[in-house]
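Inside the fold
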Amino acid sequence: MQSAEGVLTLGEGGAPFLRAPRLGEALGVPDLWIEEEGLNPTGTFKARGAAVGMARARELGIKRVALPTAGNAGGAWSAYGAAAGIEVGVAMPADAPDLTKRECTAYGARVVLVNGLIGDAGKIVARSAKEDGWFDAATLKEPYRIEGKKTMGLEIFDAFAGQRVPDVVLYPCGGGVGLIGIWKAIAELRELGWWRGSLPRMVAVQSATCAPIVKAFEARADASEVWQGAETIAAGIRIPKALGDFLVLRAIYESDGCAVAVPDEQTRAMMRKIPTLAGVFACPEGAAAAAAVGNLREKGWIKPSERVLVVNTGTGLKYADLVEANPPLQSSDSKL
Ligand SMILES: *Cc1c(COP(=O)(O)O)cnc(C)c1O
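Here the structure is a predicted model, which is why all the values come from computation and not from measurement.

The rules behind the values
Residues numbered from 1 in each chain as written. Predicted model: local features only at pLDDT ≥ 70, side-chain atom pairs only at ≥ 80, totals over all residues. Heavy atoms only, no water. Near = heavy atom within 4 Å. Polar contact = N/O pair within 3.5 Å; in protein donor to acceptor, adjacent residues only side chain to side chain. Areas by Shrake-Rupley, 256 points an atom, 1.4 Å probe, with all protein chains shown as cover. Helix = DSSP H or I, 4+ residues; strand = E, 2+ residues; numbered from the N terminus. Nonpolar A, V, L, I, M, F, W, Y, C, P; charged D, E, K, R; others polar. Domains from an automatic or database assignment. Contact = heavy atoms within 4.5 Å. Buried area = accessible area lost by both parts, 1.4 Å probe. Salt bridge = Lys/Arg side-chain N within 4 Å of Asp/Glu carboxyl O. Buried < 20%, exposed > 50% of the residue type's maximum accessible area, 1.4 Å probe, protein only. Pairing = 2+ DSSP bridges. Right-handed = clockwise from strand over helix to strand, strands pointing away.

1. Some remarks on the site of the ligand
Surveying the vicinity of the ligand reveals 17 residues, the closest of which are Lys-46, Gly-174, Gly-176, Gly-178 and Thr-313. At 2.8 Å from an oxygen atom of the ligand is found a side-chain nitrogen or oxygen belonging to Lys-46. Within the contact set of the ligand, a nitrogen atom lies 2.7 Å away from a side-chain nitrogen or oxygen of Thr-313. A total of 380 Å² of accessible area belongs to the ligand in isolation, and the protein chains cover 96% of it. Breaking the shell around the ligand down by element, the ones donating at least two residues are strand 7 (168–172) and helix 7 (177–191). Considered class by class, the residues forming the shell around the ligand number eight nonpolar, seven polar and two charged.

Have a look at this one:
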């Protein structure tokens, strides 16, 4: 940012770090924490990247910004575009969560639905950029979005430095920008000499039915291959091939971390469990990350005494249709 006037904010960031001992006990890791990103504007951490990306676009005099999205980035960039007075174009899979489509249009964005996945949406954006002068703000195509997401890492430092930093950080990984951003912040803080203690092991969590990074990690590869037939209830991590896959994998290898896949049934079950044990209505992506804690604990990869941080990347309120009332609701006019 060149000047203070350039700042664009809707109140993003500053996520609370919540101790979750009851959920932690259930997962075999009592010192469990949740970084609650669901309180951000538009309900996900995507607001962090949009705030910086849009602010810089405005500074540079860009008038129209377009991006492909699995849903939540579209909502965030649409909101910040409206605040900045920049036109926003969003291309998203036709089967993206309905709420995120409405959200984009509510903020005045132009939305096209694509019969395909996010990669197909990306092609539409690239073509529109070339032919109609849209600025292509797809993940990692411009350098500012990641600077916004990096603030998650700065806030981890802020919350835990001086006491004990988490031994493990679990992040639901789609495009991977959040994980790359956190790792970038840690690297820079180390370079400054501010981060002196041990480093967290970074865990990329994916869905078993869309797990390109996990597959690459298991093969000890430096990059991933396109995942065929990607499908998962955790829409934010339905990314068959991340442009920055090699950076995610590098962060995992450098931190001694790992990548793990969680089946959707387990994610769904965890989505029900977290609210009852932590008071947090997590999104399915965050629930997948929490489920991975239990799986890695069982394998012995996480020790019971370790401090573990789960990044809940968004609010479950955006995915309320995934949680049915159970047991079914009954009416009564006299008592509980
Ligand atoms: C986008 C998104 C993710 C994945 O984040 P990346 O930084 O792209 O890996 C996870 N959870 C939610 C709710 C998202 O919207």
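2. Quick notes on the domain arrangement of the protein
Here the domain parsing of the protein yields domain 1 (4–44 + 145–322) and domain 2 (46–143). The centre of domain 1, based on its C-alpha atoms, is set 23 Å off from the matching centre of domain 2. Between domain 1 and domain 2, the contact holds 35 residues from the first and 37 residues from the second. Between domain 1 and domain 2 the total buried area reaches about 2900 Å² when both faces are included, carbon and sulfur atoms providing 60% of it. Along the contact surface separating domain 1 from domain 2 lie four salt bridges. Put simply, the parts of the chain that give the side of domain 1 that touches domain 2 at least two residues each are helix 6 (145–160) and helix 7. In terms of residue count, helix 6 provides more of the side of domain 1 that touches domain 2 than any other element does, eight residues in total. Residues belonging to the side of domain 1 that touches domain 2 are distributed by class as follows: 15 nonpolar, ten polar and ten charged.

3. Topic: the pairing of strand 3 (residues 64–68)
Among the five residues in strand 3, four count as buried, and that is most of the element. Of the strand pairs in this sheet, strand 3 and strand 4 (residues 87–93) are connected by five bridges, and their pairing is parallel. Opposite Pro-68, over in strand 4, you have Ala-91 as the bridge partner. Chirality of the crossover, the property in question, places the unit of strand 3, helix 3 (residues 72–84) and strand 4 among those that are right-handed.

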